[in-house]
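So the chains spell out like this:
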Amino acid sequence: MPKLLQLDSSPLENSISRELTREFVKSWKAAHPDGTAIYRDLAANPPKPLDAAWIASSYTPEDARAPEQKAIIASSEELIAELEQADEYVVGVAMHNFSIPSVLKLWIDQVVRKGRTFSYSANGPQGLLSGKKATILVASGGVYQAGTPAEGMNFIEPYLKAILGFIGVTDVKFVSAGGASQLNAGKVDRETFLKPVLEHVRTLAA
Ligand SMILES: Cc1cc2nc3c(=O)[nH]c(=O)nc-3n(C[C@H](O)[C@H](O)[C@H](O)COP(=O)(O)O)c2cc1C
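Okay, so let's go over this structure. (Residues numbered from 1 in each chain as written. Predicted model: local features only at pLDDT ≥ 70, side-chain atom pairs only at ≥ 80, totals over all residues.)

1. So, the overall build of the chain
Then, in step 1: Assigned secondary structure in the chain consists of eight helices and seven strands.
Then, in step 2: Here the C-alpha radius of gyration of the chain, 18 Å, is about what a compact globule of 206 residues would show, namely 17 Å.
Then, in step 3: Each principal axis of the C-alpha distribution contributes one length, and for the chain these read about 60 × 40 × 35 Å.
Then, in step 4: Taken over 206 residues, the chain has a buried fraction of 31%.
Then, in step 5: Restricting to contacts in the chain with at least 6 residues of sequence separation, those with at least 24 account for 80%. (Helix = DSSP H or I, 4+ residues; strand = E, 2+ residues; numbered from the N terminus. Rg over C-alpha atoms; globule rule 2.2 N^0.38 Å. Buried ≥ 20, exposed ≤ 12 C-beta atoms within 10 Å, placed from the backbone. Contact = placed C-beta atoms within 7 Å.)

2. Structural notes on unusual backbone geometry
Then, in step 1: With a phi angle near 50°, N97 is a residue other than glycine that sits in the positive phi range.
Then, in step 2: The class of N97 is exposed, set by 9 C-beta atoms lying within 10 Å.
Then, in step 3: Phi is positive for F98, close to 65°, though the residue is something other than glycine.
Then, in step 4: Relative to the elements of secondary structure, F98 occurs in the loop between β3 (88-94) and α5 (102-111).

3. Overview of the sheet that holds strand β6 (residues 133-140)
Then, in step 1: Reading across from one edge, β2-β1-β3-β6-β7 is the order of the five strands in this open sheet, with parallel pairing throughout. A strand with exactly one partner marks an edge of an open sheet, and here the two such strands are β2 (36-41) and β7 (171-178). Across the sheet, the mean angle from the axis of one strand to that of its neighbour is 15°, orientation sign disregarded.
Then, in step 2: Across the sheet, helix α8 (residues 190-205) touches β6 and β7, and the angle it forms with β7 is around 165°. (Pairing = 2+ DSSP bridges. Axes fitted to C-alpha atoms, helices over the stretch in contact; angles between N-to-C directions.)

Keep in mind that these numbers describe shape and distance, not what the molecule does.
Structure follows, in structure tokens:
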């Protein structure tokens with residue numbers, strides 16, 4: 001049975017990236033009638049920031065962990081289990097200050113764990129998740145497509161490509177809904193703005 005993990009990171013209810021992930025899931029469910037989706041709203045339930053106790057627990061070998069150390073990393077284990085169980089991920093990303101929302105960074109810090117999602121081998125670091133596919137749906141006020149002057153300011157794509165690759169997720173596609181500032185300024189209506197992006201999203205989900 002195929003399984004999809006949906007993550008949302010925008011704090012806004014009328015968020016564009018949320019509308020894109022909703023559309024992706026709708027098309028994915030139509031294409032996979034026997035599939036199931038897990039939903040994680042990172043803005044509504046932000047993962048905890050890493051602290052000294054978390055780092056100590058995570059670097060203690062599993063069989064040597066005290067019960068209270070196990071409790072400290074229980075939510076990290078839960079988030080990693082979702083990554084392991086799902087075959088496919090869809091992530092809604094609102095561009096905040098040229099990068100990802102802080103709640104998505106908190107999630108990354110909880111799931112990138114030595115011995116769980118990556119390890120070090122003689123050939124260097126090795127990602128432990130394999131055969132997974134990720135679709136990242138990015139909404140931004142400006143336009144950052146290749147060849148545009150602002151291209152180099154988009155830190156979302158290179159960072160997510162690098163960090164997902166680091167844990168073994170190398171099949172990563174990005175869809176960009178760039179230029180939302182035009183929408184917020186009333187220069188284009190939401191339907192016109194979203195139509196081509198939603199079409200693209202539907203083709204990737206099918
Ligand atoms: C705090 C904040 C920071 C933002 N930073 C940027 C930015 O650096 N570059 C940009 O193009 N748009 C920026 N925007 C605009 C958002 O990316 C845009 O509104 C987008 O639609 C957000 O996604 P969402 O609709 O899913 O929340 C910012 C918006 C907010 C609220």
